[in-house]
Amino acid sequence: MDTSDEDTSLAKRILRDLRIIFDRETNLLEFDIVPVEDKTLNKSPVIFEDHRLGLESWSIKYLYTYCYHEFLKTRSHRARSDSATINELTRTLLLINPELKTAWNCRKQLVIDKYLTIQDELTFCQLLMRRRSKNMENFTHRQWLIQMMVKTQGHPDTNFINNELELCLEAARRYQSNYYAWTYRRWVVQTYAYNLNACLHEMATSKAWIERHISDYSGFGYRQYIIVTIGSLYLDTQDKLLAYEDYESILVNEMDLINDLLRIHCNRESLYLHRRFVVSQLLSIDGSKDKELYDREKDFIIQYLQIGRDKLLIERLIRWYQRFLNWNFT
Amino acid sequence: MVMTKIFRSNNNEDEALINRKLHKELLLRIFSYLDVISLCRCAQVSKSWNVLALDGSNWQKVDLFNFQTDIEGPVVENISLRCGGFLKELSLRGCKAVTDSALRTFAQNCNNIEDLNLNDCKYLTDSTCASLSKHCSKLTSLNIGSCIEITDRSLEALGEGCPHLEKLDISYCEKVTPFGVVCIAQGCPKLRAFIAILCYKINDEAISRLAKHCPNLEVVNLKACCLITDEAIISLAENCHNMKYICLSNCTHLTDNSLVALGQRCHKLRTLEVARCSHFTDAGYQALARNCRYLENLDLEENTLITDNALAYLSMGCPKLQKLSLSHCELITDDGIRHLSSSACACDVLVSLDLDNCPLITDSSLDHLAACNKLQRIELYDCQLITRAGIRRLKSHLPDLKVHAYFAPTTPPPSQGVGRQRYCRCCSIV
């Protein structure tokens, strides 16, 4: 009882320190937990410098325990705690642990109640994303917020969409194989930028990205989605033959890209997986090209076998061709 | 078994045992001791109990704060019908859904209401106060804090219809202007407590009139009424000699003249809260401490000009000081704390001391404070010269003390505190 009283007071004090900063500073760039276990000074664990917020790690235990218990209390008799308290508690909880879905949902309620504006909440999401980039809850919340925004304010402008796309890229950069970020990007494109121009632009962006992140298959997965989308967009807008022709040229370019990348990078499975995708797409347009493709792949494989490059991966590729396309390279 | 016999009617007899043994009057008497929840449960037992439990005489004091989300207009109307003239105290604090029409019915039915708490009933408007003024002349205490729609018209009506009003809380009613306060002053001469936090339009004139008409004022809270200047406080001090509690926090225009006036006239003052009145200096507190010997509670947060001398005066003049806040008083040093801890109040009375953000305080202050036997709580946030060792030393003297600092509170149990030397077992045997 003795210490828990002091714990509570300490937690409340830290909350107050945080509140002062959040009230004053609208443009927080970053938040993180600073590893300070050894306390020597009687100084607030809240560090604020140059729009960046830090929290010394020794205080997390007290702050989180307090907030979590208070938060659960507010959940059990919801109406008795005001929005300000819920906002503050969930904000702190999410800063420390962004996986807490209940807290996210509580914040959704606050947005519905118009206590929080959608714009502020988007900024808050972005702040959290900089700390934990691979976090599904955060992306889901963001998606929900944007849907809310569209419902009330209509379709977002290109500027906004570009911001969202840039944000995904940043998240993907910060955490490799960030499938959630790419899924979110896919959602944005599918919902708000579903046109040929945007998709071709995405192809360029994604090319730059995969060239730099060669082993990140999430990025390739997204690229494959874009390629397929472009194919179906061609079909929607053009005559069938013309559409296939355009789509094929895209795929052939893609194959060239893969070959270039394979020459530079050794032993990258993602490239081989992508190759399989391109081959199967090419076949899906025009089955009659089977022979031609087979020859080309055979040349490729023989060449790589001769120089003894990517041995294991080449063997896998052969097996895959055998099993799914019935191609034999004996 | 026994319970069954008492409550269930036996064979063909109509009445349960408890009803045959206890007269209606006795049951009623028993019910009068029950709280609202128990009464409602009793009302579900049988028809006769329903009548008795819901009898108005059991419902003299009703507090619905715990049910605030469920309470809507019709509930209040039903209660008022049920209780009628019996109801003397009603608290609808936080019952946001209550509306004017419900309270109109209430006022018509419950004429004898004395204590009414409507805090945070946000939809109430002036028409509620008009009904109260018309029907409830016995009202002595009214809380309409945070009823944001309330304007001067309410206060005007209350001044006309409720002359016995002793306690009025209009905190956060930001629409109230000096005119409303003057109406109250003229109509309610018995006023003892006036609480008007953040009624920022209130000015000197209004408070002066209040002071002149209501000499019995004991409690005044003008927190964040930022137009207030010395003039208002001087007139309060001159007219209301029984003043016990005064809160002037965030009234940033006040100067030492206020403290001097309070010191000269209000000798019974117990609590003074003057956080962020940053013009106050040592001289003001010297004057205050000369006469206000009963001061128990002092909040001097962010009185940035005061120095150790102020603490010396206060520790000489106020032997009953229990709680003292010196947060953000940045000029206070160890010397001031030494004065405080060597004074009469320190050993036996001082319970709580706030020293957060006093950057000059060091561990030697804590050593001085070890003499304060009754100290239960000390706040030391952001005093960066304070060390963990200093706190440990203090705790070894005062094991029950709660220390609030930015150190993780994992101090070892006070029984084996540092400072006492420890011997190994073999030595202690020798």
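Residues numbered from 1 in each chain as written. Chains lettered and ligands numbered in written order. Predicted model: local features only at pLDDT ≥ 70, side-chain atom pairs only at ≥ 80, totals over all residues. Heavy atoms only, no water.

Describing the layout of surface pockets
By rolling a water-sized probe across the atoms, one finds the places where empty space is left.
Residues and elements named next belong to chain A.
In step 1: Quantified by volume, the second largest pocket comes out at close to 540 Å³.
In step 2: Taken together, 20 residues line the second largest pocket, and the ones lying closest to its centre are F22, N87, R91, L116 and D120.
In step 3: Listing elements by their share of the lining of the second largest pocket, those giving two or more residues are helix 1 (2-24), helix 3 (83-96) and helix 5 (118-131).
In step 4: Its residues assigned to classes, the lining of the second largest pocket shows seven nonpolar, five polar and eight charged. (1 Å grid on protein atoms, 1.4 Å probe; cavity = no way out; pocket = protein on both sides within 12 Å on 5 of 7 lines; lining within 4 Å. Points joined across faces, edges and corners; volume = space filled by probe spheres on them. Helix = DSSP H or I, 4+ residues; strand = E, 2+ residues; numbered from the N terminus. Nonpolar A, V, L, I, M, F, W, Y, C, P; charged D, E, K, R; others polar.)

Quick word on the domain arrangement of chain B
In step 1: Taken domain by domain, chain B comprises domain 1 (1-57) and domain 2 (270-407).
In step 2: Its C-alpha centre places domain 1 of chain B at a distance of 57 Å from the equivalent point of domain 2 of chain B. (Domains from an automatic or database assignment.)

What about the packing of aromatic side chains?
In step 1: Overall, the coordinates contain 16 aromatic pairs over all chains when judged by the stated rule.
In step 2: Summarising the aromatic geometry, the rings of Y64 of chain A and Y68 of chain A are spaced 5.9 Å apart at their centres and angled 15° between planes, so their arrangement reads as stacked. With a gap of four residues between them, Y64 of chain A and Y68 of chain A both fall in helix 2 (residues 60-76), about one helical turn apart.
In step 3: Exposure remark for Y68 of chain A: the relative accessible area of 31% places this residue in the partly exposed category.
In step 4: Ring centres of F139 of chain A and Y184 of chain A lie 5.3 Å apart, and the angle between their planes is 40°; this geometry places the pair in the tilted category. Of the two residues, F139 of chain A is situated in helix 6 (residues 136-153) and Y184 of chain A in helix 8 (residues 179-192); the sequence distance between them amounts to 45 residues.
In step 5: Among the residues examined, F139 of chain A registers a relative accessible area of 3% and is labelled buried.
In step 6: Three or more aromatic residues joined by ring pairs form one cluster here, namely Y294, W320, Y321, F324 and W327 of chain A.
In step 7: The side chain of R275 of chain A reaches across the aromatic face of F300 of chain A, ending 3.6 Å from its centre.
In step 8: Against the face of F65 of chain B rests R93 of chain B, its NZ or CZ located 3.8 Å from the ring centre. (Phe/Tyr/Trp six-rings, centres within 6.5 Å; stacked < 30°, edge-to-face > 60°. Buried < 20%, exposed > 50% of the residue type's maximum accessible area, 1.4 Å probe, protein only. Lys NZ or Arg CZ within 6 Å of the ring centre and 35° of its normal.)

Notes on the pairing of strand 3 (residues 52-56) of chain A
Residue and element names in this part refer to chain A.
In step 1: Counting buried residues along strand 3, four of its five residues qualify, which places the element largely inside the surrounding structure.
In step 2: Of the strand pairs in this sheet, strand 1 (residues 30-34) and strand 3 are connected by five bridges, and their pairing is parallel. If you follow V34 over to strand 3, its bridge partner there is E56.
In step 3: Looking at chain direction, strand 2 (residues 46-49) and strand 3 are connected through four bridges and run antiparallel. Note that in strand 3 the partner of F48 across the bridge is L53.
In step 4: Counting the residues in the hairpin turn of strand 2 and strand 3 gives two residues, including D50, whose phi is positive at 50°. (Pairing = 2+ DSSP bridges.)

What about the interface of chain A and chain B?
In step 1: Listed as interface residues are 21 residues of chain A and, on the opposing side, 24 residues of chain B.
In step 2: Summing the contributions of chain A and of chain B, the shared interface buries around 2000 Å²; its carbon and sulfur component is 48%.
In step 3: Joining chain A to chain B, the criterion identifies three salt bridges.
In step 4: K395 of chain B is the salt-bridge partner of E6 of chain A, the closest N and O atoms lying 3.1 Å from each other. (Contact = heavy atoms within 4.5 Å. Buried area = accessible area lost by both parts, 1.4 Å probe. Salt bridge = Lys/Arg side-chain N within 4 Å of Asp/Glu carboxyl O.)

Structural notes on the environment of N373 of chain B
Residue and element names in this part refer to chain B.
In step 1: Within the secondary structure, N373 is located in the loop between helix 18 (363-369) and strand 13 (377-379).
In step 2: With 259 residues separating them in the primary sequence, N373 and E114 have C-alpha atoms 43 Å apart.
In step 3: Contact partners of N373, with chain neighbours within four places excluded, come to A346, C347 and L398.

Considering the pattern of salt bridges
Residue and element names in this part refer to chain B.
In step 1: Counted under the stated rule, the structure contains 35 salt bridges over all chains.
In step 2: Here R209 ties to E205 by a salt bridge, and the two come within 3.3 Å at their closest N and O atoms. Of this pair, R209 and E205 both sit in helix 11 (residues 204-213), four residues apart, roughly one helical turn.
In step 3: Taking the relative accessible area as the measure of exposure, R209 reaches 27% and is therefore partly exposed.
In step 4: Take E205: its relative accessible area is 44%, and that puts it in the partly exposed class.
In step 5: Two residues, D335 and R338, come together in a salt bridge whose shortest N-O distance is 3.0 Å.

Digging into the side chain of H328 of chain B
Residue and element names in this part refer to chain B.
In step 1: Looking at the secondary structure, you find H328 in the loop between strand 11 (323-325) and helix 16 (334-341).
In step 2: In this structure H328 comes out as buried when scored by relative accessible area, which is 19%.
In step 3: Polar side-chain contacts of H328 include one of 3.2 Å to the side chain of N357.
In step 4: Ignoring sequence-local partners within four residues, the contact set of H328 consists of E301, E302, T304, D356 and N357. (Polar contact = N/O pair within 3.5 Å; in protein donor to acceptor, adjacent residues only side chain to side chain.)

A few points about the packing of helix 12 (residues 269-285) of chain A against helix 13 (residues 290-307) of chain A
All names here are of chain A.
In step 1: Put simply, helix 12 and helix 13 touch, their axes get as near as 10 Å, and they point 160° apart. Between helix 12 and helix 13, the crossing angle belongs to the class labelled roughly antiparallel. The hand of the helix 12/helix 13 crossing is right-handed. From helix 12, Y272, R275, V279, L282 and L283 reach across to helix 13, where they touch D290, L293, E297, F300 and Y304.
In step 2: When grouped by side-chain class, the residues that make up the contact of helix 12 with helix 13 number seven nonpolar, no polar and three charged. (Axes fitted to C-alpha atoms, helices over the stretch in contact; angles between N-to-C directions. Parallel < 35°, antiparallel > 145°, perpendicular 65-115°, else oblique. Left-handed = near helix turned anticlockwise from the far one by under 90°.)

Examining helix 2 of chain A
Residues and elements named next belong to chain A.
In step 1: Between its terminal C-alpha atoms helix 2 stretches 24 Å, which fits the 24 Å expected from 17 residues at 1.5 Å a residue.
In step 2: Among all positions of helix 2, only I60, Y62, L63, Y66, C67, F71 and T74 are buried. Buried positions in helix 2, seen along its axis, are confined to an arc of 165° and lie on one side of it. Those residues of helix 2 that are exposed and aimed more than 90 degrees away from the buried face are K61 and S76. (Expected span 1.5 Å × (residues − 1). Arc of directions from axis to C-beta.)

What to know about the environment of T205 of chain A
In step 1: Locating T205 of chain A in the fold gives a position in helix 9 (residues 196-212).
In step 2: A distance of 2.8 Å separates the side chain of T205 of chain A from the backbone oxygen of H201 of chain A, its partner in a polar contact.

Things to note about the confidence of the model for chain B
Residue and element names in this part refer to chain B.
In step 1: Scored by pLDDT, chain B comes out at a mean of 87, with 91% of its residues at no less than 70.
In step 2: Below a pLDDT of 50 lies the segment residues 411-425, which in the model reaches 10 contacts outside its immediate sequence neighbourhood of four places, other chains included.
In step 3: As scored by the predictor, the complex reaches a pTM of 0.78 and an ipTM of 0.71. (pLDDT = per-residue confidence, 0-100.)

What to know about the packing of helix 3 of chain A against helix 4 (residues 101-112) of chain A
Residue and element names in this part refer to chain A.
In step 1: Running from amino to carboxyl end, helix 3 crosses helix 4 at an angle of 145°, the nearest separation of the two axes being 9 Å. Taken as a pair, helix 3 and helix 4 cross one another with a handedness that is left-handed. When helix 3 is examined against helix 4, the residues S83, I86, N87, T90, R91 and L94 are found in contact with a partner set consisting of A103, W104, C106, R107 and L110.
In step 2: Broken down by class, the residue content of the contact of helix 3 with helix 4 amounts to six nonpolar, three polar and two charged.

Details of the nonpolar core
In step 1: The biggest cluster of nonpolar side chains holds 130 residues, and the ones touching the most others in it are L92 and F194 of chain B.
In step 2: A domain split of this core shows at least three residues from each of domain 1 (1-57) and domain 2 (270-407) of chain B.
In step 3: One finds W104, L169, L261 and Y272 of chain A within the second-largest nonpolar core, a separate group that totals 107 residues. (Core = buried A, V, L, I, M, F, W, Y, C linked by side-chain atoms within 4.5 Å.)

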